[in-house]
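In case you want the letters, here they are:
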Amino acid sequence: MKKIAILGSTGSIGTQSLDVIRRFPDKFKVVSMTCGKNTELFRKQLKEFRPLIAVTADRDDAEVLERELSPELSGTRCAWGEEGLIAAATLAEADIVLNSLMGMRGLVPTYHAIESGKDIALANKETLVAGGELVMNLAGEKGVRLLPVDSEHSAIFQCLEGNRDKKIRRILLTASGGPFRGYTYEDLEGVTAAQALKHPNWSMGKKITIDSATMMNKGLEVIEARWLFDVPSEDIQVLVHPQSIVHSAVEFEDTSILAQMGLPDMRVPISVALGYPDRLDFGGRSLNLFTDFKALTFEEPDPEVFRCLKLAFEALKEGGSYTAYMNGANEILVERFLRGEISFTDIGEKLEKLLENHDPIYNLSLDNVVETDRLSREDAKRA
């Protein structure tokens, strides 16, 4: 039985992961769980899965939960904050840590989990976007596997199974194109938050949905792919594929291309990561490719329209602290857009100016990454 720590059990990835786990009570046991503010759902999850550690963002919530649940869940210890996240991620009983936290909160507990020898099912982009070199070096040193949960990186991972020693010519990273595919830059200038939050194919949180609309989400995935698969940025090509059936592909040295396809369902990559090396029947629908889809289309995104994607490639090439700085600044700019303080196109324009003025650091430590993130957020609030 595989024992799992779930960081972010009440979010979209966390709840879908629990859907997968429920189907296999003989294969999986949840030993630690964390949540942010959704303590109502968290209570229900704790009563069902009875973990050893339950972690909330705030101390008050943890103390309330402990009082309410102590008679029923005497074996569950409550904790809070970053220390609680680290405790949940490094719990001795855990075999694998599913990190589905939002934002930079995911980096530090993941780093400590790797230090303690845990395999990581990774759905937190910031871990590799901000600390890619640092994290991958530590994972290599500790002999830890990073199993991607993002649909695109899971697709690449699956294409490389059995081909690990084969030379890669290109990674073809697909993108839905978001709600503004085909727009000009002038069209984007009047975009509202309500429009940007209407993703055509996927149901996601607000921040990721806005990142999808600006195509920063794809830029972050380019950075992740560079570290996960040790491929330089010039060998990663982004293709807009509005049907979201081809989740990504790999072209090998002989020009053969292997693609992973399926209906949009995050339970597929979740089940691949949690079940590895086995495949699990999680109850999803099959893809009737040749009868349900008349055509699958692909096109290249315009980097002058979707400037955030261009900035992500540039930050990756510059290296050092550029990607960590870009990530933190972008998060604040997205928040400001959602609050109505700046326009949709301001996200990319302000981010470009911030990156131009960034004084980079190289050979980053964990403290360097955390401090770069802090500074980037302060700068973005003033931009």
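A brief look at the structure comes next.

About the criteria used
Residues numbered from 1 in each chain as written. Predicted model: local features only at pLDDT ≥ 70, side-chain atom pairs only at ≥ 80, totals over all residues. Heavy atoms only, no water. Helix = DSSP H or I, 4+ residues; strand = E, 2+ residues; numbered from the N terminus. Polar contact = N/O pair within 3.5 Å; in protein donor to acceptor, adjacent residues only side chain to side chain. Contact = heavy atoms within 4.5 Å. Pairing = 2+ DSSP bridges. Axes fitted to C-alpha atoms, helices over the stretch in contact; angles between N-to-C directions. Parallel < 35°, antiparallel > 145°, perpendicular 65-115°, else oblique. Left-handed = near helix turned anticlockwise from the far one by under 90°. Nonpolar A, V, L, I, M, F, W, Y, C, P; charged D, E, K, R; others polar. Salt bridge = Lys/Arg side-chain N within 4 Å of Asp/Glu carboxyl O.

1. Details of the side chain of Asp 211
- Mapped onto the fold, Asp 211 is located in helix H10 (residues 206–214).
- A polar atom in the side chain of Asp 211 sits 2.5 Å from the side chain of Lys 207.
- A distance of 3.1 Å separates a polar atom in the side chain of Asp 211 from a polar atom in the side chain of Asn 330.
- In this view, Asp 211 contacts Met 216, Asn 217, Leu 220, Asn 330 and Val 334; residues no more than four positions away in its chain are not counted.

2. Points about the sheet that holds strand E3 (residues 53–56)
- With respect to topology, seven strands assemble into an open sheet ordered E4-E3-E2-E1-E5-E6-E7, the strand pairing being parallel. The two strands at the open ends of the sheet, each matched to only one other strand, are strand E4 (77–80) and strand E7 (146–148). Direction aside, the axes of adjacent strands within the sheet are offset by 25° on average.
- Bridge count between E3 and E4: four bridges; the pairing is parallel. Its bridge partner being in E4, Ile 53 is matched across the sheet by Arg 77.
- Along the sheet, helix H2 (residues 39–49) makes contact with strand E2 (28–34) and E3, crossing E2 at roughly 150°.

3. Brief notes about the packing of helix H15 (residues 322–338) against helix H16 (residues 344–356)
- Between H15 and H16, whose axes approach to 9 Å, the crossing angle comes to 150°. Relative to H16, the element H15 is oriented roughly antiparallel. The hand of the H15/H16 crossing is right-handed. Judged by residue contacts, Tyr 322, Tyr 325, Met 326, Ala 329, Asn 330, Leu 333, Val 334 and Phe 337 of H15 engage Phe 344, Ile 347, Lys 350, Leu 351, Leu 354 and Leu 355 from H16.
- The residue inventory of the contact of H15 with H16, partitioned by class, reads 12 nonpolar, one polar and one charged.

4. Description of the pattern of salt bridges
- Within the structure shown, the criterion is met by 28 salt bridges.
- Ionic pairing is found between Glu 341 and Arg 339, a salt bridge with its closest N-O pair at 2.9 Å.
- Among the charged side chains, a salt-bridge network with shared partners connects Lys 125, Asp 150, Glu 152, Lys 218, Glu 221 and Glu 224.

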